[in-house]
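# A look at the structure
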Amino acid sequence: MTGYREVLERVSAVGGIRGTMLVAAADGIVVAESLMDGIDGRAVAALTASLVGRLRRTTASAGLQAPTVMHLRAENGSVLAVPAAGDLLIVAVTERGANLGLARLEMLDAARQVA
Amino acid sequence: MSDPIRAMTAELAAEPGSLVFLDLAELLRRRGQLAAALKVAASGVARYPTLADAHDLRARIHSDLGDSEAAFDAWMDALELDPSHVGAHKGLGFLYFRAHDPVRALRHLETALTRSDDPGLHAAIARVRAAVTEADQAPPIDDEPPPAEGAVRAMAGDLPFSLVEGPASSATPSDSDLFAGFEGARDGLLLLDAQGMRLGGGLRDADGADVADAVAAHLAGVSREAARTARLLELGAWASVSAECGDGNLHLCAPTAEAVLLTVRDSSIPAGRLALLADRAAAAARRWLGGTA
């Protein structure tokens, strides 16, 4: 678990990220988290897992491979999700104006470290 | 909601993998509830993409809606799965006849007749034969092979839908105006209403198969889920959802509160550029929706 926390904290160090989590994609359960105060980790996990599940079904219907990066952009911030081994998801919640490009790269790198 | 529909809806909800969707969509179609019928059929096709009867059902609903082009595509899909599918041959015969191509219409109807003894089919063939004779273009039909798998796709480009009478003739041009000038206007841009019903555009997979309805069946749920996630995480209104896949990228946004736009491109178009393309297409969709309101 400590290993997971270290991986998540590296992602959380990117400017504008409010928190990162490792989530079980199948049931939306929190596996590990590194969150700022004020973020409900269980809600993030459940909602993101559900959205990713729907997106996977959508891309499959479109004849596309499974998503490697998912990005929900909203008025005041974003949610990013990257699949990792073991049907896990690396999830990040960001502020508006966060460095999404760097966050994306760090998350992809984190996903490779989660085995 | 009447009892048989309620019962079948409950059965489908309890067992989403049930084939009862075929009966439910057909009953809804017969009762004129075409939007609901199409939604049920599209979900069924998404679950059973290799079931020719499901594509045939979807085609009949599209035909009832006046969308001859979508009906044609769906019947072609059915024939690719089952080259002797009676319903698909009858449907294509009907479409070709309406498109003033009695020769092809006759070919399909006669193929259907080899598998069905439907009295209505005999009457339809007699009518089409008369049209062929009138047009003085009767070919030796018996020498014409039935459309073979693979060949049916080639015929798609020959169908003059602009000649189709009825609702399709007014619907098709306005649809073609929607994304005019945009790359992927017919195979990579899909505009839906909030219930996941196709408003315009189209979507095809890498093999050229029409996947618009199958994808549409999921998108209303994605947009609702995105809105709910953004709201509950106190991020404000959702603006877009994007997915990067190994072989392509997908971008979903809402041009208006009642519409959802999907933009799909292969992976040579990076996600950021795809978002810019989607913004332009969303502006076009807003203009189009305003013009059709």
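Not measured: the values here are computed from a predicted model.

Below, the discussion takes up the overall build of chain B. Along its length, chain B carries twelve helices and five strands. Once local pairs closer than 6 in sequence are excluded, the contacts in chain B between residues at least 24 apart make up 48%.

Spatially, β2(A)-β1(A)-β5(A)-β4(A)-β3(A)-β3(B)-β4(B)-β5(B)-β1(B)-β2(B) is the arrangement adopted by the ten strands of the open sheet, whose pairing is antiparallel. The open sheet has two edge strands, β2 (29-35) of chain A together with β2 (198-203) of chain B, and neither has a second partner. Strand-to-strand twist of the sheet, defined as the mean angle between neighbouring strand axes without regard to direction, takes the value 15°. Relative to strand β3 (residues 238-245) of chain B, strand β3 (residues 67-74) of chain A runs antiparallel, the two sharing seven bridges. Looking across to β3 of chain B, one finds that Leu 72 of chain A is bridged to Val 241 of chain B.

Further remarks concern the packing of helix α1 (residues 3-14) of chain B against helix α2 (residues 20-30) of chain B. Residues and elements named next belong to chain B. Contact geometry of α1 with α2 gives a least axis separation of 10 Å together with a crossing angle of 150°. When the axes of α1 and α2 are compared, the pair comes out roughly antiparallel. Like other packed secondary-structure pairs, α1 and α2 cross with a definite hand, here left-handed. Contacts between α1 and α2 involve Pro 4, Ile 5, Met 8, Thr 9, Glu 11 and Leu 12 from the former and Val 20, Phe 21, Asp 23, Leu 24, Leu 27 and Leu 28 from the latter. Its residues assigned to classes, the contact of α1 with α2 comprises nine nonpolar, one polar and two charged.

Turning our attention to helix α7 (residues 102-113) of chain B. All names here are of chain B. With twelve residues, α7 ought to run about 16 Å at 1.5 Å a step, and its terminal C-alpha atoms sit 16 Å apart, in line with that. Most of α7 is tucked away: nine of the twelve residues are buried. Among all positions of α7, only Pro 102, Arg 104, Ala 105, Leu 106, Arg 107, His 108, Leu 109, Thr 111 and Ala 112 are buried. Summarising the contacts, the buried residues of α7 are in contact with α6 (86-98) and α8 (119-134).

Looking now at the environment of Asp 64 of chain B. All names here are of chain B. Within the element layout of this structure, Asp 64 appears in helix α4 (residues 52-64). Take Asp 64: there are 16 C-beta atoms within 10 Å of it, and that puts it in the partly exposed class. For the pair Asp 64 and Gly 32, spaced 32 residues apart in the sequence, the C-alpha separation amounts to 8.7 Å. The residues touching Asp 64, leaving out its near neighbours within four places in the chain, are Arg 29 and Leu 34.

Of all hydrophobic cores here, the largest spans 96 residues; its most connected members are Leu 89, Ile 90 and Val 91 of chain A together with Ala 41, Val 215, Leu 261 and Leu 262 of chain B. In terms of residue count, the dominant contributor to this core is helix α11 (residues 212-232) of chain B (nine residues). Residue-level mapping places this core at the junction of two domains, with at least three residues from each of domain 1 (3-165) and domain 2 (179-292) of chain B. Beyond its immediate stretch of four places on either side in the chain, Val 91 of chain A contacts Thr 20, Met 21, Val 23, Val 44, Ala 45, Thr 48, Val 79 and Ala 81 of chain A. By size, the runner-up hydrophobic cluster in this structure holds 22 residues, among which are Ala 52, Ala 74, Ala 99 and Ala 124 of chain B.

A few words on unusual backbone geometry. Trans peptide bonds make up most of the peptide bonds, and negative phi angles are found at most residues other than glycine. All names here are of chain A. One non-glycine residue, Asp 87, lies in positive phi territory at about 55°. If you trace the backbone, Asp 87 turns up in the loop between β4 (77-84) and β5 (88-95). Given 12 C-beta atoms within 10 Å, Asp 87 falls into the exposed group.

With that out of the way, let us pick up the interface of chain A and chain B. With 30 residues of chain A in contact, the opposing surface of chain B contributes 34 residues. Of all the secondary structure elements, the ones that give two or more residues to the side of chain A that touches chain B are α2 (41-61), β3 and β4 of chain A. Top element by residues in the side of chain A that touches chain B is α2 of chain A. It accounts for twelve residues.

A few words on the confidence of the model for chain B. All names here are of chain B. Here chain B averages 79 in pLDDT, while 84% of its residues score no lower than 70. Averaged pLDDT values over the elements of chain B bottom out at 36 in helix α9 (residues 151-156) and peak at 95 in β3. This complex was scored by the predictor with a pTM of 0.58 and an ipTM of 0.93.

Attention now goes to the environment of Val 132 of chain B. Among the secondary structure elements, Val 132 of chain B is positioned in helix α8. Through-space distance from the C-alpha of Val 132 of chain B to that of Val 103 of chain B is 6.5 Å; in sequence the pair is 29 residues apart.

What counts as what
Residues numbered from 1 in each chain as written. Chains lettered and ligands numbered in written order. Predicted model: local features only at pLDDT ≥ 70, side-chain atom pairs only at ≥ 80, totals over all residues. Helix = DSSP H or I, 4+ residues; strand = E, 2+ residues; numbered from the N terminus. Contact = placed C-beta atoms within 7 Å. Pairing = 2+ DSSP bridges. Axes fitted to C-alpha atoms, helices over the stretch in contact; angles between N-to-C directions. Parallel < 35°, antiparallel > 145°, perpendicular 65-115°, else oblique. Left-handed = near helix turned anticlockwise from the far one by under 90°. Nonpolar A, V, L, I, M, F, W, Y, C, P; charged D, E, K, R; others polar. Expected span 1.5 Å × (residues − 1). Buried ≥ 20, exposed ≤ 12 C-beta atoms within 10 Å, placed from the backbone. Core = buried A, V, L, I, M, F, W, Y, C linked by C-beta atoms within 7 Å. Domains from an automatic or database assignment. pLDDT = per-residue confidence, 0-100.

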